[in-house]
Amino acid sequence: MTLGSHTLQRRFPGMQRELRALALKDERIASLYADLIDAEAALLGWEQSPLAVSIERCQEYKALIESLADEVAEALKQHDPR
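Residues numbered from 1 in each chain as written. Predicted model: local features only at pLDDT ≥ 70, side-chain atom pairs only at ≥ 80, totals over all residues. Heavy atoms only, no water.

Draft legend 1. Main features of the side chain of E40. Checked against the element boundaries, E40 lands in helix α3 (residues 27-47). Overall, E40 belongs to the buried group, its relative accessible area being 6%. Of the polar contacts made by the side chain of E40, one reaches the side chain of R11; its length is 3.3 Å. (Helix = DSSP H or I, 4+ residues; strand = E, 2+ residues; numbered from the N terminus. Buried < 20%, exposed > 50% of the residue type's maximum accessible area, 1.4 Å probe, protein only. Polar contact = N/O pair within 3.5 Å; in protein donor to acceptor, adjacent residues only side chain to side chain.)

Okay, structure coming up:
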């Protein structure tokens, strides 16, 4: 499973197909999704870093990830036909 698939499954359970379909139609969702995956990849790198700044960087990336996930969720709501 790729990091992107894992991100979708964990953050948006049951919505993977919908999110992927929307990302193909909506450049904003595609960009948010890509940024979320990139931020999670960066977090994984910092979590394994022995550098003194790694704790601070991990906190920054965790905050960024939450913000991006919130934006993706809001974008999904805007596209929800219900």
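Draft legend 2. The packing of helix α2 (residues 16-25) against α3, seen in detail. At a minimum axis distance of 5 Å, the contact between α2 and α3 shows a crossing angle of 120°. Between α2 and α3, the angle falls in the class oblique. Between α2 and α3 lies a crossing of left-handed hand. The residues of α3 that touch α2, namely those facing L19, L22, A23 and K25, are E27, I29, A30 and Y33. Of the residues assigned to the contact of α2 with α3, the class counts are 6 nonpolar, no polar and 2 charged. (Axes fitted to C-alpha atoms, helices over the stretch in contact; angles between N-to-C directions. Parallel < 35°, antiparallel > 145°, perpendicular 65-115°, else oblique. Left-handed = near helix turned anticlockwise from the far one by under 90°. Contact = heavy atoms within 4.5 Å. Nonpolar A, V, L, I, M, F, W, Y, C, P; charged D, E, K, R; others polar.)

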